[in-house]
Amino acid sequence: HICRCSRLLYREVCHVFPNLSTPVEALLVIPTNQHAVMELVKVGEDVEEEKDRCLVAFMDFGKKVCEALRSKGFWADYIDPCSGLPMLTPDTTKVYSEVDGMQILLHYKTMDAGMCKVLLHPRWGSAVYPASAFTNAPFEEVQEAVSPFFA
């Protein structure tokens, strides 16, 4: 999915990226959801290893997509799913909630698990690893940047 940023999410995104000057209608979100081999709401060494595997895959994706878009003069950044902080925007302490973002953009359901809100993918349940990137590049440029990952 490549999504236009909603007004509701835009307010949040502006706190995460305080120097963002892109108007809401020009901001695109690239929400990714990796199918994990197990429910990530569980605990244990195997769950942590699966989260690490998904993290490495997303960080590679985010870095390459944002580099491709930035090399063409567009603004782009991606979120570290562990901290919720942007990878390329310095000096920001506002955390982006992947769960809230997926709920707003994709209308995914959530459930409470202790102190955490857990994302529920329509097919995979809690066996999902959400992570997002943001850009002001045109839709076609974003499609081109992400296409190597979905070939």
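Residues numbered from 1 in each chain as written. Predicted model: local features only at pLDDT ≥ 70, side-chain atom pairs only at ≥ 80, totals over all residues. Heavy atoms only, no water.

### Re the environment of Y129
Put simply, the test is: Strands here mean DSSP runs of E at least two residues long; helices mean DSSP runs of H or I at least four residues long; both are numbered from the N terminus. Note on contacts: a residue pair qualifies if any of its non-hydrogen atoms lie within 4.5 Å across the two residues.
Counting through the fold element by element, Y129 comes out in strand β6 (residues 128-135). When the C-alpha atoms of Y129 and N33 are compared, they prove to be 5.4 Å apart, with 96 residues separating the residues in sequence. When neighbours within four sequence positions are excluded, Y129 is seen to be in contact with T32, N33, Q34, L40, K51, C54, L55 and P81.

### Regarding the pairing of strand β5 (residues 116-120)
Basically, it comes down to this: Strand pairing is defined by DSSP finding a minimum of two bridges between the two strands.
Bridging between strand β4 (residues 109-113) and β5 involves five bridges; their strand directions are antiparallel. Note on β5: the bridge partner recorded for M111 is V118. As consecutive antiparallel partners, β4 and β5 are separated by two residues, and within that stretch G114 has a phi angle of approximately 70°, a positive value.

### Focus: the sheet that holds strand β1 (residues 3-4)
An order of β1-β2-β6-β3 is seen for the four strands of this open sheet, with the pairing classed as antiparallel. Each edge of the sheet is formed by a strand with only one pairing partner; in this case those strands are β1 and β3 (76-78). Across eight bridges, the pairing between strand β2 (residues 28-35) and β6 is antiparallel. Following the sheet pairing, Q34 is matched in β6 by Y129.

### What about the pattern of salt bridges?
Stated formally: Put simply, a salt bridge is a Lys or Arg side-chain nitrogen that is within 4 Å of an Asp or Glu carboxyl oxygen. Note on exposure labels: buried denotes an accessible area under 20% of the residue type's maximum, exposed denotes more than 50%, and partly exposed covers the range between, all computed with a 1.4 Å probe on protein chains only.
Tallying each qualifying case throughout the model produces eight salt bridges. In this structure, the salt-bridge partner of E48 is K51, at a minimum N-O distance of 3.7 Å. Placement of the pair is E48 and K51 together in helix α2 (residues 45-70), with a separation of three residues, close to one helical turn. Residue E48 is classed as partly exposed on the basis of its relative accessible area, which comes to 40%.

### As for the side chain of T22
The cut-off we apply is this: Under the rule applied, a polar contact is a pair of N or O atoms within 3.5 Å (in protein, one hydrogen donor and one hydrogen acceptor; residues adjacent in sequence only if both atoms are side-chain atoms).
By the secondary structure assignment, T22 is in the loop between α1 (7-16) and β2. Given the relative accessible area of 6%, T22 is considered buried. Engagement of the side chain of T22 in a polar contact is seen with the side chain of N136, the distance being 3.4 Å. Ignoring anything within four residues of it in the chain, the contact list for T22 reads Y10, L27 and N136.

### Focus on the layout of surface pockets
Keep this limit in mind: Of the two site types, the cavity is a set of points on a 1 Å grid over the protein atoms alone where a 1.4 Å probe fits but cannot get out, and the pocket is an open set with protein on both sides within 12 Å along at least five of seven lines, each lined by residues with an atom within 4 Å of a point. Grid points are joined across faces, edges and corners, and a volume is the space filled by probe spheres set on the points. Classification convention: Asp, Glu, Lys, Arg as charged; Ala, Val, Leu, Ile, Met, Phe, Trp, Tyr, Cys, Pro as nonpolar; all other residues, Gly among them, as polar.
There is about 720 Å³ of room inside the largest pocket. For the largest pocket, the lining is made up of 27 residues, of which K51, P81, V99, K117 and P130 are closest to its centre. Those elements that place two or more of their residues in the lining of the largest pocket are α2, α3 (98-106), β5 and β6. Broken down by class, the residue content of the lining of the largest pocket amounts to 16 nonpolar, four polar and seven charged. Put simply, the second largest pocket is a space of about 330 Å³. What lines the second largest pocket is a set of 17 residues, among which H1, P31, T32, N33 and F150 lie closest to the centre. With five residues, the top contributor of residues to the lining of the second largest pocket is β2.

### So, the packing of aromatic side chains
What counts, and what does not: Side-chain rings of Phe, Tyr and Trp, where Trp is taken by its six-membered ring, are said to pair if the distance between their centres is within 6.5 Å; with planes under 30 degrees apart they count as stacked, over 60 as edge-to-face, and otherwise as tilted.
If you walk through the whole model with that rule in mind, you get seven aromatic pairs. Consider the rings of F17 and F134, whose centres lie 5.4 Å apart with planes at 65°: the pair is edge-to-face. Highlighted residues: F17 in the loop between α1 and β2 and F134 in strand β6, separated in sequence by 117 residues. The class of F134 is buried, set by a relative accessible area of 0%. Seen in terms of ring centroids, F58 and Y78 are 6.2 Å apart; in terms of plane orientation they differ by 65°. Their pairing is edge-to-face. Of the two residues, F58 sits in helix α2 while Y78 sits in strand β3, which places them 20 residues apart along the sequence. Assigned by exposure class, F58 and Y78 land together as buried.

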